[in-house]
Amino acid sequence: MRLAVISDIHSNLEALTAVFEEIENRDIDKIVCLGDIVGYGPNPKECIELVKTKCDAIIIGNHDVACFNHSELYYFNRFAKQALEWTTDQLENNQLDFLKSLPDSSIYANSRLVHSNPHFPQSWDYVLSIDDAIFNFAAFEEKVCFIGHSHQPIIYIENQGQKYSFAENSEITFQPSCRYIINVGSVGQPRDHNPASAFGIMDTAAQHYELIRVAYDIEKTQAKMHAAGLPSFLAERLMAGK
Ligand code: ZN
C-alpha cells in the first residue's frame with residue numbers, strides 16, 4: 001500500500017489543493033490526516049470539507065480542539081488565539097461536530113497516528129529531541145508512529161530497542177531491527193525555512209518512506225488572510241517558512 005500522510009493544514013486551501021494534486025500523480029492508495037485542519041489560515045470551512053472527502057483516517061489537533069473547547073485557547077499565543085476566534089465564527093455547527101468527533105490517536109496500515117505525541121496525545125507536548133523520542137517510543141508498539149504538530153519534518157530511529165538517532169533525510173528505507181517516529185511536516189504552515197508544503201508517503205511493500213515538498217501560490221493565501229483581517233504576522237511567516 002502507498003499511504004500519503006498529511007498534517008497541519010491550518011486552513012490553507014491553496015497548499016492543501018496543491019498537495020492533493022501531487023497525491024493524485026503519485027499512485028497513492030490511501031490518505032490520512034494528523035490534524036490541525038484549521039487555525040491560522042483563511043479557509044477553514046473549505047479545508048474541513050476537502051479533508052473529510054479525501055482522507056481515510058483523520059486525527060484531531062490542538063487547533064481543532066480549541067474551536068469547540070474554548071478553555072484550550074489559553075495555551076495559544078495572541079496571533080494563534082485571534083485566528084482561532086475568527087475560525088470558530090466561520091464554522092457551521094456540523095463542522096464543529098465533525099471536529100469534535102475526531103480521535104486523538106489511531107492505528108492505520110499498522111502504523112500509529114497522532115498529532116503531537118503517542119504518550120499522551122492531548123498533552124500536546126512536542127517531540128523535539130532524542131530524549132523526547134526515547135520517552136515516546138515506549139508509548140506505542142507499532143513499527144512506525146507518524147506525528148505532526150511542530151511543522152518540522154524529522155525522523156527519529158530506535159535500533160534494537162536501545163540505540164537512538166535522528167535523520168533529516170527526505171527518504172528512508174525501513175530496517176527490520178528499527179522503529180520510527182516520523183514527523184511529516186506541515187501542509188499549510190511549514191516552519192523548517194522551506195515555505196513549500198510538506199507531506200509524507202509510506203510504501204508498505206517497499207518498506208520505504210519519502211518526504212515530498214510541493215510549491216503553492218503563497219501570495220494568494222496571504223492576500224486572503226489580509227482581506228479576512230487575520231494577523232499579518234501569520235501571513236508573512238508563510239513566505240519565510242517559519
Ligand atoms: Zn499545527
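The following paragraphs examine the structure supplied in this document. (Residues numbered from 1 in each chain as written. Predicted model: local features only at pLDDT ≥ 70, side-chain atom pairs only at ≥ 80, totals over all residues. Heavy atoms only, no water.)

1. Describing the state of the cysteines
So, step 1. In total, this model carries zero disulfides according to the counting rule given.
So, step 2. Free of any disulfide, Cys55 has its nearest cysteine sulfur in Cys33, 5.1 Å distant.
So, step 3. Cys67 forms no disulfide, and the closest cysteine sulfur to it belongs to Cys47, at a distance of 12 Å. (Disulfide = S-S within 2.5 Å.)

2. As for the pattern of salt bridges
Oppositely charged side chains can pair when the atoms bearing their charge come close.
So, step 1. Applying the stated criterion across every chain, the model contains nine salt bridges.
So, step 2. The salt bridge partner of Glu24 is Lys54, with a shortest N-O separation of 3.9 Å. Of this pair, Glu24 sits in helix H1 (residues 13-24) while Lys54 sits in helix H2 (residues 44-54); the two residues are 30 residues apart in sequence, bridging distant segments of the chain.
So, step 3. Classification of Glu24 by relative accessible area gives exposed; the value is 60%. (Salt bridge = Lys/Arg side-chain N within 4 Å of Asp/Glu carboxyl O. Helix = DSSP H or I, 4+ residues; strand = E, 2+ residues; numbered from the N terminus. Buried < 20%, exposed > 50% of the residue type's maximum accessible area, 1.4 Å probe, protein only.)

3. Looking at the coordination of the zinc ion
So, step 1. For the zinc ion, every protein donor is listed as Asp8 (OD), His10 (NE2), Asp36 (OD) and His151 (NE2), and the spread of their distances is 2.0 to 2.4 Å.
So, step 2. Angles of 85 to 178° at the metal separate the four donor atoms of the zinc ion, which places the site in the irregular class.
So, step 3. The sequence pattern formed by the donor residues of the zinc ion is D-x1-H-x25-D-x114-H. (Donors = N, O, S within 2.8 Å, 3.2 Å for Na, K, Ca; no water. Tetrahedral: all angles 85-135°; square planar, octahedral: opposite > 155°, others 65-115°.)

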